[in-house]
Amino acid sequence: MICPNCGAKVVGRRRRCENCGADIAVLDRLRKLSNRLYNEGLEMAQVRDLSGAVLKLQKSLELNKENIEARNLLGLVYYELGESTAAICEWVISTNFKKEDNDAERLLRLVQADSTEYQNVNSAIRKFNIALDLVKNGNEDMAAIQLKKVIGLNPHFVKAYLLLSLIYIKNCEYERAKKLLKRVLKIDVGNVTARRYINEIKLTVVNQEGKSDAEAQQEDYDFAGTGAVKGKIYSDEKPNFLSIITFFLGLAMGIALVYVLAVPNIRTDIRRTYEAKERELGADVSAANAQKSSLESRIRILENENTDLKSQLLIAQATPEADERADYEPFLQLYADYLDLCDRVINPISSGNLISAEDLEEINNFNGRLVDFDMASLENENTKMLYATMIDVIGRYATGTGAEPDNKPTPTPTPAA
Amino acid sequence: MINYDEEIKKFQPSIEIDEAEDAIFRNDMTDVSDIIEKLNNPKGANK
């Protein structure tokens, strides 16, 4: 074991060093405690709790002033807080305890390397001291101007921020003070003074604005120093029924608007489509009906022609020998006139033409001829059938009462066997 | 409630770099081990 006091080798488990007589056990324990405090200080420094780190490291050095790591770290923390002279002091003492292989040498060289920065830091400290004197003499305005310059020269000078924020609080410039204090908390998360000042501002603002205690408790500040105000804690708020009702009302109005504006247009479009289709189909039906009428007329005409041809056939069959033909001349003439009348008048009427007065007169005249014709002169049965047919056809169209013909097709006379 | 005057009193002047040497010499370097040593050896030499 090595004596922690003089560095001499201690044989076995002796309580005291044979060289210097120091109590080894106690010294060893002190060093261990010092190291533990250093470790705790290092953890705090790593999370930017610089105030806490300073306390731990100072305690560590109180237990063991030769704890080089703790002293170097303390110097670094002081430098980060803007206390450059304190930092340099610690590093110089550190190099005094351990000249070789010491980080303090490197840190001192770094600080002194940038002469502009070095001058700025020195100037900032001087101005801060002047500002502090001004404040103590009651000259806060001038002090504020000086402190602004100090912050410009050394943006890490925490004491300058705190003093300036105190001046702002006294002058009721709470927003400016808050801004500065948040910057302090950004540099040093655990700065108790900054937190105390922020709480003071919060309470003062609450009292001035007359907020309720609940609202004041809900407001919180970001102690990490990011400068963001967290604001109200939304999880504690009651659900906003008004906004829910407004949402559903808006939804209902939107649906109603769509129904009123869009649905009629859609219906109109559908109706127009169906009307167009209906017209199309109507046209097709009309065309079909017209075709049907024309075909029916054609059928009637063909049936009339068929009747005529069959009559002609009967006549041909019924035609007597040459010497008897003279007796049938009147009948043949009558039948020829009948055929002519059918062609000109009867067939058109049966096709759908309107019967005119002249046609009716003609039909009636021919009907009269038929009635007056002497049927006794006809002995041939087929001839008699032809005569009967003529009487029937003409009788349908001839009228003394003005009735419309029924346009029925003329019956087909059966040929004689 | 912040007492402005009391708070101002808490602020101490910072040491200027020119005064660093004096500050180092003024620094009390006594630690616990020195105190124990003094207690054990009242006539012992200070470090």
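Residues numbered from 1 in each chain as written. Chains lettered and ligands numbered in written order. Predicted model: local features only at pLDDT ≥ 70, side-chain atom pairs only at ≥ 80, totals over all residues.

Caption draft 1: View of the overall build of chain A. What chain A contains, in helices and strands, is 15 helices and zero strands. Counting every position in chain A, which comprises 417 residues, the buried fraction comes to 28%. Sequence-distant contacts in chain A: of pairs separated by 6 or more residues, those separated by 24 or more amount to 51%. (Helix = DSSP H or I, 4+ residues; strand = E, 2+ residues; numbered from the N terminus. Buried ≥ 20, exposed ≤ 12 C-beta atoms within 10 Å, placed from the backbone. Contact = placed C-beta atoms within 7 Å.)

Caption draft 2: The confidence of the model for chain B, seen in detail. All names here are of chain B. Per-residue confidence for chain B gives a mean pLDDT of 81; residues scoring 70 or more make up 89%. Across chain B, element-level confidence peaks in helix α1 (residues 4–10) with a mean pLDDT of 88 and bottoms out in helix α3 (residues 32–40) with 81. Here the predicted complex scores 0.55 on pTM and 0.83 on ipTM. (pLDDT = per-residue confidence, 0-100.)

Caption draft 3: Examining the confidence of the model for chain A more closely. Predicted confidence across chain A gives a mean pLDDT of 83, with 84% of residues reaching 70 or more. Here residues 220–234 of chain A scores under 50 on pLDDT; set against residues more than four positions off or in separate chains, the count is 21 contacts.

Caption draft 4: Highlighting the interface of chain A and chain B. Facing the 33 residues of chain A at the interface are 21 residues of chain B. Contributions of two or more residues to the side of chain A that touches chain B are made by α1 (24–46), α2 (50–63), α4 (84–97), α6 (115–136), α8 (158–170) and α10 (192–209) of chain A. Of all the elements, α6 of chain A adds the most residues to the side of chain A that touches chain B, at eight residues. When the residues that make up the side of chain A that touches chain B are grouped by side-chain class, the tally is 19 nonpolar, five polar and nine charged. (Nonpolar A, V, L, I, M, F, W, Y, C, P; charged D, E, K, R; others polar.)

Caption draft 5: A look at the environment of Lys-65 of chain A. Inspection of the secondary structure puts Lys-65 of chain A in the loop between α2 and α3 (68–80). Accessibility expressed as a C-beta count within 10 Å gives 21 for Lys-65 of chain A, which makes it buried. The spacing of Lys-65 of chain A and Arg-31 of chain A is 34 residues in sequence and 9.6 Å in space, taken between C-alpha atoms. Every residue in contact with Lys-65 of chain A, bar those within four places of it in the chain, is listed here: Met-29 and Asp-31 of chain B.

Caption draft 6: The arrangement of unusual backbone geometry in detail. All names here are of chain A. Of note in this structure, Arg-48 is not a glycine but carries a positive phi near 70 degrees. Along the polypeptide, Arg-48 turns up in the loop between α1 and α2. On the neighbour-count criterion, Arg-48 (19 C-beta atoms within 10 Å) is partly exposed. The residue Asp-101 is not glycine, and still its phi comes out positive at about 55 degrees. In this fold, Asp-101 is placed in the loop between α4 and α5 (103–113).

Caption draft 7: Expanded view of the nonpolar core. All names here are of chain A. Judged by nonpolar contacts, the single largest core of 61 residues is most densely connected at Leu-57, Val-77, Val-150, Ala-160, Tyr-161 and Leu-163. Top element by residues in this core is α8. It accounts for ten residues. Counting contributing residues per domain, this core is built from domain 1 (24–113) and domain 2 (119–234), each supplying no fewer than three. Tyr-335, Ile-349, Ile-394 and Ala-398 belong to the second-largest nonpolar core, a separate cluster that totals 18 residues. (Core = buried A, V, L, I, M, F, W, Y, C linked by C-beta atoms within 7 Å. Domains from an automatic or database assignment.)

Caption draft 8: Inspection of α2 of chain A at higher detail. A rise of 1.5 Å per residue sets the reference length of α2 of chain A, with its 14 residues, at 20 Å; its end C-alpha atoms lie 20 Å apart and thus fit the reference within 8%. What α2 of chain A keeps buried is the set Leu-50, Gly-52, Ala-53, Val-54, Lys-56, Leu-57, Ser-60, Leu-61 and Leu-63 of chain A. Those residues of α2 of chain A hidden inside the fold are in contact with α1 and α3 of chain A together with α3 of chain B. (Expected span 1.5 Å × (residues − 1).)

Caption draft 9: Quick peek at the packing of α4 of chain A against α5 of chain A. All names here are of chain A. For the pair α4 and α5, the least separation of the axes is 9 Å and the interaxial angle reads 140 degrees. In terms of axis orientation, α4 runs oblique to α5. Two packed elements cross with a definite hand, and for α4 against α5 that hand is left-handed. In contact with Ile-88, Trp-91, Ser-94 and Thr-95 of α4, α5 contributes Ala-104, Glu-105, Leu-107, Leu-108 and Val-111. Residue composition of the contact of α4 with α5, by class: six nonpolar, two polar and one charged. (Axes fitted to C-alpha atoms, helices over the stretch in contact; angles between N-to-C directions. Parallel < 35°, antiparallel > 145°, perpendicular 65-115°, else oblique. Left-handed = near helix turned anticlockwise from the far one by under 90°.)

Caption draft 10: Quick peek at the environment of Asp-374 of chain A. Counting through the fold element by element, Asp-374 of chain A comes out in the loop between α14 (357–372) and α15 (381–397). A sequence separation of 43 residues divides Asp-374 of chain A from Phe-331 of chain A, and the C-alpha atoms of the two residues are 9.2 Å apart.

Caption draft 11: Structural context of α3 of chain A. All names here are of chain A. With 13 residues, α3 ought to run about 18 Å at 1.5 Å a step, and its terminal C-alpha atoms sit 18 Å apart, in line with that. Burial analysis of α3 places ten of its 13 residues in the buried class, the great majority of the element. By the burial criterion, the buried members of α3 are Ala-70, Arg-71, Asn-72, Leu-73, Leu-74, Gly-75, Leu-76, Val-77, Tyr-78 and Tyr-79. Where α3 is buried, its residues meet α1, α2, α4 and α5.

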